[in-house]
Amino acid sequence: MPNLMTRTALLSIVALLFIHAADAQLGFGAKASQNVKVELLAEQSGIQPGSPFTVGVRFELEPDWHIYWYNMGPGVGLPTEVEWELPEGFTAGPLQWPAPDRFITPAGDEDLISYGYHDEVMLMAVITPPTTLEAGSSVELKATVSWLACKESCIPGSANPALTLPVVADVAEVNASHRDLFVAMRAKLPVTHEAWEFSATRTSTDATLIVPIPEAARGSEFGEITFFPEVDGVFDAQRGFSISEEAERIVITLPYVEEIESLPERIGGVLTAANSWGDEGPHALLVDIGIGSASSASAAVDLAAPASLGTILLYLLMAFGGGILLNLMPCVLPVLSIKVMDFVKQAGDEAGHAWRHGVVFLAGVLVSFWAIAAVVIGLKVAGMSVGWAFQFQYPGFVYALVAVLFVFGLSLFGIFEVGLALTTVGGEVTHRSGLTGSFFSGLLATVVATPCMAPAMAPAVAFGMAQPAIVTVLIFTALGVGMALPYMLLSAFPSLLRFVPRPGAWMETLKQFLGFMLMGAVVWLLWVLAWQVNPDGLTAVLGSLIVLALAAWILGRWATPAREGRVRNLARLAAAILLVGGLWYGFDRIGNSPPLEAGAVADEDQKIAWVSFDPEAIPALRRGGKAVFVDFTARWCLTCQANEKVAFTRAVGERMEALDVVPMKADWTRRDETIAAALAEHGRNGVPLYVLYPADITSAPIILPQLLTEGIVLDALEQAIPN
């Protein structure tokens, strides 16, 4: 192992030089060296209680001197380190490292390559203060900083910069003297960019990173392209990375180090271009891609590639099975009341008529699924990406569903009779067999079921949403047929209905009782809205429901056949005005009620100390030896909420803390492109999704099942972090 031996010998020599340099020049632990100046800066002029703010450790280096990145490279060096000393209640996020430069140091027959910074650099971090700070007081922040500065020789250094900031009641102003520096350093941070995608392959000797060039950036002069791997000891930079820039893509070949024990499962690091990545592109791209898979948009491209007939049939079968299992998901429960009454009604039909209900119910289900497919196809043509149950990310849609379920709940309670034929719970009026009600049941069942993602559905939906239009429609059709199958079987075999009691006076009591299920769905949806709009918007929704209830009461009281024609017409006109006015008011207020800022609303008692999802922080945390557990969830996803109660227990939270696992929550209640891209990276288009990133950054993420128990989560934690 010549490389390993050379490196060990060099590090030993350098260590001796460190001791000599420390004794002769600095005294070990000196505040700073003459070639490096360090200071602690804050972006804001003060601290607002509970409001995160950014601080930075600024390094100013003499010409030709450099310090090191967190991966110092295959040459000699030591990573720069920052340890925070914060007051009680303060927490610090991971260090934000600007993209490094590459340094080549002559060393006999083989030049040494290292990664780091020269001239000026600032390592930033987000500090979150407690909410209990008192305005008018002051807070001192400290850090212990150590580095190795190299030119022709290397000199270690350390410092303990400190910073005192006042606590202010209002929003703290940006410190004008430091504004430009923070802006400049943020511009150098590596980022994920929606226009730039990655894929990766490997052989027994090397890995290949493929970077398609977006159309808008083709023809740009990128200048020198450099790849900085996030960890040493995997790819051999001393042998050189082969970078080939073609017309439509960039191909980077990364040979493995000779002493590698196992082939890597992912490629992580930073990719820089001397002239930035196009006119509007960033300076540095963050690379984090599983080998043999694709990240974010690349995953969609791979899924959308022409699929074989066998592949399509496999996904159709998965969609069909997922549709059947969708009936067992909690999202469908609110509309089961409608189907219960429907089957009671069918039990009283003449023989041979019941099968029609199953067919019409299937038609209603299919129409809903086809409508969703049409929207997905339309948005894809418009260049947008969507996920399963995307409509629930829009408060206006949730409010519309609240209004529909609320009105039909009032109908079940007997407040008014108009529309009973639609829900198949009343008289026949002009629909002798209640077929219109079966169709409506199919429509509503699909709409309410979409917040859930049944087992086997996730890969089928992701495949269908990325495929050409005809395949998308086929996948959604298979979902619909699977979902409607149990109802079709009950309707096709009337003998099964003999177990259902015959219609009678008891139906009115059951009808009103089942109305409470719809009202339960209304409460659930209002809870979802509470996380999508502010309290004023939610109050407006409740007020509009009172207006809708008044309209329903007027219909039930004065628009009945027993009233004379003029009274009925006036009642219908008044009800229509109230209905339109109430809905207009609700939609208008929701549109003008943005959600509260994150953290402004207290969540329920948390058994796990969740932090907000930050995909760019995950590699840094893993490099620091921490595993990361990401919960992709949404308030409208009942499966997610069920898992929250069953699996994310206090015992799980305590075990995460003991194993130093960082729990992140990716809340997709409202549309979020960052979360959508992260879902697509794992081949998903909906929630729930649970991903555990092991502390070993070379290990692939672990995907947990969609239905969790406490034991499943604990077992996964032990697997990712062996004792």
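Look up: the structure comes first, before these words.
Residues numbered from 1 in each chain as written. Predicted model: local features only at pLDDT ≥ 70, side-chain atom pairs only at ≥ 80, totals over all residues. Heavy atoms only, no water.

Caption draft 1: Fine view of the overall build of the protein. Helix and strand content of the protein: 19 helices and 23 strands. Considering only residue pairs separated by 6 or more positions, the protein has 77% of its internal contacts joining residues 24 or more positions apart. Of the roughly 32,500 Å² of accessible surface on the protein, a fraction of 60% belongs to carbon and sulfur atoms. (Helix = DSSP H or I, 4+ residues; strand = E, 2+ residues; numbered from the N terminus. Contact = heavy atoms within 4.5 Å. Areas by Shrake-Rupley, 256 points an atom, 1.4 Å probe, with all protein chains shown as cover.)

Caption draft 2: Geometry of a nonpolar patch on the surface. Residues Ile415, Leu550 and Trp553 make up a contiguous nonpolar surface patch of about 260 Å² in total accessible area. One can find Trp553 in helix H13 (residues 535–558). According to the relative accessible area criterion, Trp553 is partly exposed, its value standing at 41%. (Patch = residues over 30% accessible without salt bridge, like charges linked within 9 Å, V, L, I, M, F, W, Y side chains within 5 Å. Salt bridge = Lys/Arg side-chain N within 4 Å of Asp/Glu carboxyl O. Buried < 20%, exposed > 50% of the residue type's maximum accessible area, 1.4 Å probe, protein only.)

Caption draft 3: Layout of helix H17 (residues 650–658). Inspection of H17 places Val652, Gly653 and Met656 among the buried residues, and these make up the whole buried set. End-on, the buried residues of H17 take up no more than an arc of 100°, which puts them together on one face. Across H17 from its buried face, at more than 90 degrees, point the exposed residues Glu657 and Ala658. Just beyond H17, the residue with positive phi is Asp660, at close to 60°. (Arc of directions from axis to C-beta.)

Caption draft 4: Spatial organisation of the packing of aromatic side chains. In this structure the tally under the stated criterion is 20 aromatic pairs. Judged by centre distance (5.2 Å) and plane angle (85°), the ring pair of Trp553 and Trp558 falls under edge-to-face. For Trp558, a relative accessible area of 28% translates into the label partly exposed. A network of ring pairs unites the aromatic residues Trp69, Tyr70, Trp97, Tyr115 and Phe228 as a single cluster. (Phe/Tyr/Trp six-rings, centres within 6.5 Å; stacked < 30°, edge-to-face > 60°.)

Caption draft 5: Fine view of the packing of helix H4 (residues 309–326) against helix H11 (residues 469–492). Between H4 and H11, the shortest axis-to-axis distance is 6 Å and the interhelical angle comes to 35°. Where H4 crosses over H11, the two elements pack in a sense that is right-handed. Of the residues in H11, those in contact with Ile312, Tyr315, Leu316, Ala319, Phe320, Gly322, Gly323, Ile324 and Leu326 of H4 are Val471, Leu474, Ile475, Ala478, Leu479, Val481, Gly482, Met483 and Leu485. When its residues are assigned to classes, the contact of H4 with H11 shows 15 nonpolar, 3 polar and no charged. (Axes fitted to C-alpha atoms, helices over the stretch in contact; angles between N-to-C directions. Left-handed = near helix turned anticlockwise from the far one by under 90°. Nonpolar A, V, L, I, M, F, W, Y, C, P; charged D, E, K, R; others polar.)

Caption draft 6: A look at the state of the cysteines. Enumeration according to the criterion identifies 2 disulfides in this entry. Two residues share a disulfide in this structure: Cys150 and Cys154, whose sulfurs sit 2.1 Å from each other. Here the S-S torsion is close to 115°, and the disulfide linking Cys150 with Cys154 is therefore right-handed. Here Cys150 and Cys154 have matching classes, each one buried. Each disulfide pairs two cysteine sulfurs, and for Cys637 the partner residue is Cys640, the sulfurs being separated by 2.3 Å. Between Cys637 and Cys640 the disulfide shows an S-S torsion of about 80°. By sign, it is right-handed. A relative accessible area of 0% places Cys637 in the buried class. For Cys640, a relative accessible area of 2% puts it in the buried group. (Disulfide = S-S within 2.5 Å.)

Caption draft 7: Spotlight on the sheet that holds strand S23 (residues 702–703). Judged by pairing direction, the sheet is mixed, and its 5 strands sit side by side in the order S19-S21-S20-S22-S23 without closing on themselves. Single-partner strands in this sheet number two, and they are strand S19 (611–612) and S23. Alignment of strand S20 (residues 627–633) against strand S21 (residues 661–667), held across 7 bridges, turns out to be parallel. The residue of S21 that forms the bridge with Val628 is Val662. (Pairing = 2+ DSSP bridges.)

Caption draft 8: Layout of the environment of Ala478. Tracing the sequence through the fold places Ala478 in helix H11. The class of Ala478 is buried, set by a relative accessible area of 11%. Once residues lying within four places of it in the same chain are set aside, the contact partners of Ala478 are Leu316, Ala319 and Phe320.

Caption draft 9: The arrangement of helix H7 (residues 395–412) in detail. With 18 residues, H7 extends 26 Å from end C-alpha to end C-alpha; this agrees with the ideal 26 Å at 1.5 Å per step. With 13 of 18 residues buried, H7 lies mostly within the body of the structure. Directly after H7, the chain includes Gly414, whose backbone phi takes a positive value near 85°. (Expected span 1.5 Å × (residues − 1).)

Caption draft 10: A look at the pairing of strand S14 (residues 225–229). Most of S14 is tucked away, with 5 of its 5 residues classed as buried. Across the two faces of S14 the burial is the same, with Ile225, Phe227 and Pro229 and Thr226 and Phe228 all buried. Pairing of S14 with strand S17 (residues 266–273), which is carried by 5 bridges, proceeds in the antiparallel orientation. Residue pairing for S17: Thr226 is matched across the bridge by Thr272.

Caption draft 11: Quick peek at the nonpolar core. Phe629, Phe632 and Val713 are the most contacted members of the largest nonpolar core, which totals 79 residues. Counting residues per element, this core draws most heavily on H7, at 10 residues. For Val713, the contacting residues outside a window of four places in its chain are Phe629, Ala647, Phe648, Val652, Met656, Leu704 and Leu708. (Core = buried A, V, L, I, M, F, W, Y, C linked by side-chain atoms within 4.5 Å.)

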